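Spelled out, the chains give:
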Amino acid sequence: MPATEPPSIGAWLAALPKVELHVHLEGSMSVATVASLIERHQLDASRVWPDGLPERFSFDGFPDFARQFFFGLSLLRTGEDLATITADLAATLAGQNVRYAEITTTAYTHFLAKEDRAGMAPSEYRAGLNEGRRRAAAAGVDIGWVIDIPRDIEMPDSSVTIDYLESDLTPDGLVAIGLGGYEVGFPAAPYADQFARARAIGLHSVPHAGETEGAASVRSAVEDLGAERVGHGVRCLEDAALVARLVEQGIMLEVCPTSNDLLQVIETIGDHPLPQLRDAGLRVCLNTDDPGWFATDLNTELMVATEHLGVGLGDHLAIQRDAVAASFASDSVKRQLTDALAAVVVPG
Ligand SMILES: [Zn+2]
């Protein structure tokens with residue numbers, strides 16, 4: 001029998017069973033999905049894209065990103081829209097052999113009344129997410145939901161998100177509360193009460209911190225919000241005592257290299273601090289953040305980590321095992337993933 005060729009690195013990474021723990025539903029829409037929603041609601045997108053929809057999204061700095069992102073958000077008008085984008089995301093995840101995903105969605109932005117329409121009713125939001133999750137399961141992807149507070153939109157004196165999380169209208173598979181939005185000028189500590197209430201009803205705590213703000217923001221996420229994982233967290237390296245604490249408590253950082261590059265958290269992809277984070281003994285997992293807007297997917301992020309950030313194939317296998325352990329998946333999903341990863345052979 002002829003010796004079989006070892007798979008290429010790309011093929012091996014693509015075939016690796018994976019989980020993704022940091023991906024935003026509202027940031028996942030591809031150009032094709034955006035086009036279909038514009039068509040569905042008969043909307044005019046020319047003020048955002050005067051030359052028509054681009055082949056892939058691109059932007060010049062955060063304000064330009066936000067302008068396009070919020071237009072995308074305005075396309076989500078019904079529960080069926082949410083089911084559609086969840087199913088579209090699940091199809092791309094399934095295509096990358098991602099079998100479990102914790103997907104963040106921002107309930108507040110859907111409930112809010114906008115200039116040309118009323119906000120979505122919580123019952124419709126729930127129905128849309130449940131239907132999307134059902135379609136995802138049929139495609140082979142289990143979903144755990146994270147519902148986040150958008151710190152730059154929902155002020156700490158509001159209780160819309162936390163009241164909703166305490167209601168009986170939350171989606172099936174809800175596992176955690178997050179804190180998203182723009183960090184600078186919007187510290188975490190004022191949200192401590194909301195997070196305490198969420199934790200009291202059994203939700204896990206996964207705030208963003210240390211992306212556009214420094215180590216103090218990560219420390220606050222841990223001390224004030226009880227963070228069990230931190231979204232991004234890359235700037236924790238500015239404080240050695242904090243790094244030691246994150247290592248000791250086993251708090252995983254959800255690292256999103258392309259997002260950090262495109263939102264100019266780092267200068268170039270080669271400057272990403274993933275190698276230093278790993279050298280410091282921190283737990284990390286790899287993620288896409290907003291795969292539609294950033295025109296990336298998890299396979300691409302893994303390849304970037306291999307080509308630019310010194311992550312070998314054996315490291316990738318270990319990172320996936322650790323991400324499964326740090327996920328809030330059910331025991332049976334964790335067992336299936338652990339078994340699948342145990343069967344993976346790292347080429348020599
Ligand atoms: Zn994020």
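Here, the structure is the one placed above.
Residues numbered from 1 in each chain as written. Predicted model: local features only at pLDDT ≥ 70, side-chain atom pairs only at ≥ 80, totals over all residues. Heavy atoms only, no water.

## Notes on the overall build of the protein chain
Here is the rule we go by: The way it works is that DSSP assigns letters per residue, a run of H or I at least four long becomes a helix, a run of E at least two long becomes a strand, and they are numbered from the N terminus. For the radius of gyration, the atoms used are the C-alpha atoms, and the globule rule reads 2.2 Å times the number of residues raised to 0.38. To sort residues, take the accessible area from a 1.4 Å probe on protein chains only and compare it with the maximum for the residue type: under 20% means buried, over 50% means exposed, and anything in between is partly exposed. When checking whether two residues touch, look at their non-hydrogen atoms; a contact exists if any pair is within 4.5 Å.
The helix and strand inventory of the protein chain stands at 15 helices and 9 strands. Relative to the compact-globule value of 20 Å for 348 residues, the protein chain shows a C-alpha radius of gyration of 19 Å, a close match. With the C-alpha coordinates of the protein chain rotated into their principal frame, the extents come out at 65 × 50 × 40 Å. Counting over 348 residues, the protein chain shows a buried share of 53%. Across the protein chain, the fraction of contacts at a sequence separation of at least 24, relative to all contacts at a separation of at least 6, is 75%.

## Thoughts on the pairing of strand β7 (residues 229–232)
To keep it simple, the criterion reads: Pairing between two strands is assigned when DSSP locates at least 2 bridges connecting them. A clockwise course of the path from the first strand over the helix to the second, judged with the strands pointing away from the viewer, identifies a crossover as right-handed.
Sheet topology note: the strand β6 (residues 208–209)/β7 ladder contains 2 bridges and is parallel. Bridging across to β7, His208 finds its partner in Gly231. For the crossover from β6 across helix α9 (residues 215–225) to β7, the handedness is right-handed. For β7 and strand β8 (residues 252–255), the ladder comprises 3 bridges, and the chain directions are parallel. Bridge assignment links Gly231 to a residue of β8, and that residue is Glu254.

## Focus on the environment of Glu124
With respect to the helices and strands, Glu124 occurs in helix α6 (residues 122–138). Here the alpha-carbon distance between Glu124 and Gly79, two residues 45 residues apart in the chain, equals 5.2 Å.

## Describing the packing of aromatic side chains
Rule in force here: Aromatic contacts are taken between Phe, Tyr and Trp rings whose centres are within 6.5 Å, Trp giving its six-membered ring; a plane angle under 30 degrees counts as stacked, one over 60 as edge-to-face, and the others as tilted.
Taken as a whole and assessed by the stated rule, the structure comprises 13 aromatic pairs. Judged by centre distance (5.5 Å) and plane angle (85°), the rings of Trp49 and Phe71 are edge-to-face. Of this pair, Trp49 sits in the loop between α2 (31–41) and α3 (61–74) while Phe71 sits in helix α3; the two residues are 22 residues apart in sequence, bridging distant segments of the chain. Each member of the pair, Trp49 as well as Phe71, carries the same accessibility label: buried. When the ring of Phe59 is compared with that of Phe65, the centres are 4.9 Å apart and the planes differ by 55°; the resulting orientation is tilted. Cluster of aromatic residues (ring-pair linked, three or more members): Trp49, Phe57, Phe59, Phe65, Phe69, Phe70, Phe71, Trp293 and Phe294.

## Concerning the pairing of β8
Burial along β8 is two-sided: the residues Met252 and Glu254 and Leu253 and Val255 are all buried. On the question of chirality, the crossover connecting β7 to the parallel β8 by way of helix α10 (residues 240–249) is right-handed. Bridge analysis of β8 against strand β9 (residues 284–286) gives 3 bridges, and the strand direction is parallel. Note on β9: the bridge partner recorded for Leu253 is Val284.

## Topic: α9
For α9, the complete set of buried residues consists of Ala215, Ser217, Val218, Ser220, Ala221, Val222 and Leu225. In the core, the buried residues of α9 are packed alongside β4 (174–180), α8 (192–200), β5 (204–205), β6, β7 and α10. The positive-phi residue at the C-terminal boundary of α9 is Gly226, with phi of around 65°.

## Some words on the packing of helix α4 (residues 79–95) against α6
The cut-off we apply is this: Here an angle of 0 to 180 degrees is reported between the N-to-C directions of two axes, which are lines fitted to C-alpha atoms, with helices fitted over the stretch in contact. For classification purposes, angles smaller than 35 degrees are called roughly parallel, those larger than 145 roughly antiparallel, those between 65 and 115 roughly perpendicular, and all remaining angles oblique. By definition, turning the near helix anticlockwise from the far helix through less than a right angle yields a left-handed crossing, and turning it clockwise yields a right-handed one.
Two elements in contact, α4 and α6, have axes separated by 7 Å at closest approach and are oriented at 25°. By the criterion of interaxial angle, the relationship of α4 to α6 is roughly parallel. For the crossing formed where α4 meets α6, the hand is right-handed. In this structure, α4 contributes Gly79, Glu80, Leu82, Ala83, Thr84, Thr86, Ala87 and Ala90 to the contact, and α6 contributes Glu124, Tyr125, Gly128, Leu129, Glu131, Gly132, Arg133, Arg135 and Ala136.

## So, the coordination of the zinc ion
Definition in use: Only N, O and S atoms count as donors, using a 2.8 Å limit from the metal and a wider 3.2 Å limit for Na, K and Ca, and since water is excluded some coordination spheres may look unfilled. In this scheme the shape depends on donor count and angles: four donors with every angle between 85 and 135 degrees give tetrahedral, four or six donors with opposite pairs above 155 degrees and others between 65 and 115 give square planar or octahedral in turn, and any other case is irregular.
Protein-derived ligands of the zinc ion are His22 (NE2), His24 (NE2), His208 (NE2) and Asp289 (OD), with the metal-ligand distances lying across 2.1 to 2.2 Å. Considering all 4 donor atoms around the zinc ion, angles at the metal cover 84 to 172° and the coordination shape is irregular.

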